[in-house]
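Close look at the chain arrangement
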Amino acid sequence: MIKSLDEIKVPDSKIIQDAQEIVREYGNELIWNHSNRVYLFGETKGIQDQLKYDKELLYITALFHDLGLTETYGSDDLRFEVDGANAVRQFLQNYNYDKSDLQLAWDSIALHTTLGIAEHKENNVALLYHGVGMDVMGDNWNQYSDQLRKAVATKFPRGNFKHDVIQAFYDGFKHKPETTFGNIKSDVIKYFEPEYPQNNFCSCILRSKWDS
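Each chain carries its own residue numbering, running from 1 in the written order of its sequence. Local features in this predicted model are restricted to residues whose pLDDT is 70 or higher, and side-chain atom pairs enter the listing and the counts only when it is 80 or higher, whereas totals over whole chains, interfaces and linings include all residues. Side-chain numbers come from the whole structure's heavy atoms, not from hydrogens or water.

**As for the packing of helix H3 (residues 55-64) against helix H5 (residues 99-110)**
For helices, the axis comes from a line fit to the C-alpha atoms of the stretch in contact; other axes are also lines fit to C-alpha atoms, and the angle between any two N-to-C directions lies between 0 and 180 degrees. Only runs of H or I of at least four residues qualify as helices and only runs of E of at least two qualify as strands under DSSP, and these elements are numbered from the N terminus. At a minimum axis distance of 10 Å, the contact between H3 and H5 shows a crossing angle of 45°. By the angle class used here, H3 and H5 are oblique. Crossing of H3 against H5: the hand is right-handed. For the pair H3 and H5, contact is made by Leu57, Thr61 and Phe64 and by Asp101, Leu104, Ala105, Ser108 and Ile109, respectively. Here the contact of H3 with H5 is built from residues that sort into five nonpolar, two polar and one charged. Just so you know how the angles are binned, under 35 degrees is roughly parallel, over 145 roughly antiparallel, 65 to 115 roughly perpendicular, and the rest oblique. Left-handed describes a crossing whose near helix is turned anticlockwise from the far helix by less than a right angle; the clockwise case is right-handed. Whether two residues are in contact is decided by their heavy atoms, any of which lying within 4.5 Å being enough. Here the nonpolar group is Ala, Val, Leu, Ile, Met, Phe, Trp, Tyr, Cys and Pro; Asp, Glu, Lys and Arg are the charged ones; every other residue, Gly included, is treated as polar.

**Quick notes on the nonpolar core**
For our purposes a nonpolar core is just a set of buried Ala, Val, Leu, Ile, Met, Phe, Trp, Tyr and Cys residues, chained together by side-chain atoms within 4.5 Å. Each residue is placed in one exposure class: buried if its accessible area under a 1.4 Å probe, protein chains only, is under 20% of its type's maximum, exposed if it is over 50%, and partly exposed if it falls in between. Membership of the largest hydrophobic core comes to 48 residues, with the highest contact counts inside it found for Ile60, Phe64, Phe91 and Leu92. Secondary structure elements with two or more residues in this core: helix H1 (14-26), helix H2 (29-48), H3, helix H4 (80-92), H5, helix H6 (123-137) and helix H7 (146-155). In terms of residue count, H3 provides more of this core than any other element does, seven residues in total. With residues up to four places along the chain from it excluded, the contact list for Phe64 reads Ala19, Ile22, Gly84, Ala87, Val88, Phe91 and Ile109.

**Here's the deal with the UniProt feature "domain: HD" (unreviewed entry) in the protein**
Within the UniProt annotation, "domain: HD" (unreviewed entry) is assigned to residues 32-117. In residues 32-117, the share of helix is 60% and the share of strand is 0%. The end C-alpha atoms are 26 Å apart. UniProt positions are given in the numbering used here, feature names are shortened, and annotations may be inferred rather than shown by experiment.

**Focus on empty space enclosed by the protein**
The rule is simple: put a 1 Å grid over the protein atoms alone, call a set of points where a 1.4 Å probe fits but cannot get out a cavity, call an open set with protein on both sides within 12 Å along at least five of seven lines a pocket, and count a residue as lining if it has an atom within 4 Å of a point. Grid points are joined across faces, edges and corners, and a volume is the space filled by probe spheres set on the points. One pass over the full model with this rule turns up two cavities of 30 Å³ or more. Contributions of two or more residues to the lining of the largest cavity are made by H2 and helix H8 (161-173). Counted by class, the lining of the largest cavity contains six nonpolar, one polar and one charged residues. Considering only enclosed or pocket space, the second largest cavity measures out at about 30 Å³ in volume. Residue lining of the second largest cavity: Arg79, Phe80, Glu81, Phe173, Thr179, Thr180, Asn183 and Lys185, and that is the complete set. Its residues assigned to classes, the lining of the second largest cavity comprises two nonpolar, three polar and three charged.

So, in structure tokens, the structure goes:
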């Protein structure tokens, strides 16, 4: 079990530096610290599980995965995960990534909140999902040593993360609550707007134009 950040290599290249600069410019401290923690937890799981994956791509998708919550990259009508996925694909198109890697990066971010599916996709997709799950909800908590958890939180402080991230989610898509239908982010809308009339899958079926 990894106990020190010295055992984890953080990619460092021109594209990484460019990606970091975008997050620093258009994100905020919450997104910066969270995204870096996500990478470190995802990378740790990848090393400990002895998986093969693209480390550079994992870090870039970790950096971009919540940019869909920002004013610059958020849209008026798409899920914030899709906004982030579109942002990373547009970014990577300026570098020497092939179509399969572009799709892998897109899937990683688009699916990072999709329970029950992302963990069964390619290793890069699964590791981003697990990194997010660990930092947000403590998923697979015991797979990480106490020393590592403390080291990650010291290097990239959590502050009041539990409450701040819920607020950040709401601020990022409160203008398009319909995009949370069918995914776990509908819980965020309900948390802030208890009277919001959430859509319902059964109602969608029964209200369809089919006779039966």
